[in-house]
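Residues per chain are reported as follows:
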Amino acid sequence: MTAGIMELFDAGKKGRGLRAKKEINTGEMLFAEPSYAAVVFNSLASQVCHSCFRRQANLHRCAQCRFAHYCDRTCQTACWEDHKQECAAIRKLGTAPNENIRNKDQGLASDSQLVAVDQLQDHIKDLPEDELKKLATDVKNFLRYWSCGTKQHPAEYISHIFSLIKSNGLTLPDQRGLQSAGLGLFPNLSLINHDCWPNCTVALNHGKIELRALGKISEGEELTISYVDFLNVSADRQKQLKERFHFDCSCDHCSQHISDDLMAAAAEGKVLKLCQECLEKQENVLADTHLYKLRVLSVLPEVLSYLRRFAEAAEYAGKMVEGYTKLYHPNNAQLGLALMRAGVAHWHAGLVEVGHKMICKAYRIMMVTHGPNHSITKDLEVLPAVSKLKTWIYSVRKTHF
């Protein structure tokens, strides 16, 4: 963690929080935190490295349990201390249990950790009856699974740990940020409260979570991240937050229903009646910012590009970007990824100038949200449009700084 840049404070009804101890600039990295514990989803166990969470073909499989997969010997060696007891448990059981059970027996606290993991909120008292039953089953299976472990904990303590993971765990994307690959627990990150329009963002980079500022943050200002995707109307976001994290969101965007009208807007005053139909039927019925239309637009360019129908892919990708730009924070990572995909589609369609502009915008956003060393940013840098932009940025810095 960057020393002297933030501090723990009492955030009132929200509990604990983190705030800036000095002014923070746009794109500045506040900290990079390794996971206290992390697990790859079983459904992607053979496609994602269990150490760095990179998704790629031809991963190396653990020769003993034949379940864990790694990029190479370096990743496997780095993960062995975490994996060895899990490896023994899987071999004893004969199969790997689901990711709810497959937790590490003991994480290692770092020197910069602000709070002990078992002091995080578990919200067991807020769980409904059906969730409590699932929790009891998971605890029972866990105790059987880890019967070979060197440490044995009482069921009550395991329930507490499982519940706090559910309440504080962060879904981890693959290195492209396109698909959820697993779940991780990051104690310092867990102290940062939610806002639907946050001033910080997180990205997974080489096995660590990096926290970066989306804009300039003033001294004493609370640091916030978004626990859910903003591209939902306020009532739906509040429902997700209540069910998963057990609090009622009262941020400005929820309490004032900001952008709800855009996300549910009908074009030319027509009634919403074709929201799940194809785009042809949505034309002149749903506004370009309507959620149903945007969800179709996010998929269609990918399908058309796969079919090599690049002109059509570029057209729909452009409409997607127009809608996203009206709704998302200007430095939102999802907007950056959308611009990147749209830029590539325009490039393939022969619309090089438009594609260049989109890719340059994507690069500027990803430099803020992911930083210069992330694989996504590195991929963008090899494109000619960004190479020219990067050269210009360096020349400006050299001249003025």
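Quick caveat: nothing in here was measured; it's all calculated off a predicted structure.

Caption draft 1: Structural detail: the confidence of the model for the chain. Confidence in the prediction of the chain, expressed as mean pLDDT, is 83, and 85% of residues score 70 or more. Helix 13 (residues 384-400) is the least confidently modelled element of the chain, averaging 49 in pLDDT, while strand 12 (residues 224-225) averages 96, the highest of any element. A low-confidence stretch, residues 104-109 stays under pLDDT 50, and its non-local contacts, those more than four residues away or across chains, total 14 contacts. Here residues 268-276 is a poorly scored stretch, pLDDT under 50, and it has 13 contacts once near neighbours within four places are set aside; other chains count.

Caption draft 2: Looking closely at the side chain of histidine 346. Along the chain, histidine 346 turns up in helix 10 (residues 333-348). Judged by relative accessible area, which is 7%, histidine 346 ranks as buried. With residues near it in sequence (within four places) discarded, histidine 346 still touches Ala314, Gly318, Leu351, Val352, Val354, Gly355 and Met358.

Caption draft 3: Up close: the sheet that holds strand 10 (residues 200-205). Here 3 strands make up an open sheet; going across it, the order is 3-11-10 and the pairing antiparallel. Single-partner strands in this sheet number two, and they are strand 3 (29-34) and strand 10. Going across the sheet, the axis of each strand differs from the next one's by a mean of 20°, ignoring polarity. Sheet analysis places strand 10 next to strand 11 (residues 208-213), joined by 6 bridges and oriented antiparallel. Residue asparagine 205 lies in a different strand from strand 11, and its bridge partner there is lysine 208.

Caption draft 4: Just helix 1 (residues 73-93), in detail. Counted at 1.5 Å a residue, the expected span for helix 1 with its 21 residues is 30 Å, but the 25 Å between its end C-alpha atoms falls short. Of all the bends found along helix 1, the most pronounced is centred on tryptophan 80 and spans about 70°. Within helix 1, burial applies to Cys75, Gln76, Cys79, His83, Glu86, Cys87, Ala89 and Ile90. For helix 1, the elements touching its buried residues are strand 6 (69-70) and helix 2 (129-145). Of the residues that open helix 1, the one with a side-chain oxygen 3.1 Å from the backbone nitrogen of threonine 74 is aspartate 72.

Caption draft 5: Examining the sheet that holds strand 7 (residues 170-173) more closely. Sheet architecture is open: 3 strands sit in the order 4-8-7, paired in antiparallel fashion. Since the sheet does not close on itself, it has two edges, and those belong to strand 4 (37-40) and strand 7, each with one partner. Across this sheet, the average inter-strand angle for adjacent strands is 30°, counted without regard to direction. In this sheet, strand 8 (residues 180-185) lies alongside strand 7 in antiparallel orientation, the contact comprising 4 bridges. Within the sheet, the bridge partner assigned to threonine 171 lies in strand 8 and is leucine 183.

Caption draft 6: Fine view of unusual backbone geometry. Phi at arginine 66 takes a positive value of approximately 60°, unusual for a residue other than glycine. Inspection of the secondary structure assignment puts arginine 66 in the loop between strand 5 (60-61) and strand 6. Notably, histidine 246 is not glycine yet its phi reads approximately 65°, a positive angle. Tracing the chain through its elements places histidine 246 in the loop between helix 4 (234-245) and helix 5 (252-255).

Caption draft 7: Region of the structure containing a nonpolar patch on the surface. Together, Val299, Val303, Tyr306 and Leu307 line one region of the surface with nonpolar side chains, adding up to about 430 Å² of accessible area. Structurally, the position occupied by valine 303 is in helix 8 (residues 291-306).

Caption draft 8: The arrangement of the packing of helix 2 against helix 3 (residues 155-168) in detail. Between helix 2 and helix 3, the shortest axis-to-axis distance is 10 Å and the interhelical angle comes to 120°. Taken together, the axes of helix 2 and helix 3 lie oblique to each other. Read as a crossing pair, helix 2 and helix 3 show a hand that is right-handed. Within the contact between the two elements, helix 2 uses Glu131, Leu135, Asp138, Val139, Phe142 and Leu143 and helix 3 uses Ala155, Ile158, Ser159, Phe162, Ser163 and Lys166. Here the contact of helix 2 with helix 3 is composed, by residue class, of 7 nonpolar, 2 polar and 3 charged.

Caption draft 9: How the structure looks around the pairing of strand 1 (residues 6-10). Bridge analysis of strand 1 against strand 2 (residues 16-20) gives 5 bridges, and the strand direction is antiparallel. From the neighbouring strand, methionine 6 faces strand 2, where its bridge partner is alanine 20. Hairpin geometry of strand 1 and strand 2 is characterised by an intervening segment of 5 residues between the two adjacent antiparallel strands and by a positive phi of about 70° at glycine 12.

Quick notes on the rules
- Residues numbered from 1 in each chain as written.
- Predicted model: local features only at pLDDT ≥ 70, side-chain atom pairs only at ≥ 80, totals over all residues.
- Heavy atoms only, no water.
- pLDDT = per-residue confidence, 0-100.
- Helix = DSSP H or I, 4+ residues; strand = E, 2+ residues; numbered from the N terminus.
- Contact = heavy atoms within 4.5 Å.
- Buried < 20%, exposed > 50% of the residue type's maximum accessible area, 1.4 Å probe, protein only.
- Pairing = 2+ DSSP bridges.
- Axes fitted to C-alpha atoms, helices over the stretch in contact; angles between N-to-C directions.
- Expected span 1.5 Å × (residues − 1).
- Bend = angle between axes of the 7 residues up to and from the residue.
- Polar contact = N/O pair within 3.5 Å; in protein donor to acceptor, adjacent residues only side chain to side chain.
- Patch = residues over 30% accessible without salt bridge, like charges linked within 9 Å, V, L, I, M, F, W, Y side chains within 5 Å.
- Areas by Shrake-Rupley, 256 points an atom, 1.4 Å probe, with all protein chains shown as cover.
- Salt bridge = Lys/Arg side-chain N within 4 Å of Asp/Glu carboxyl O.
- Parallel < 35°, antiparallel > 145°, perpendicular 65-115°, else oblique.
- Left-handed = near helix turned anticlockwise from the far one by under 90°.
- Nonpolar A, V, L, I, M, F, W, Y, C, P; charged D, E, K, R; others polar.

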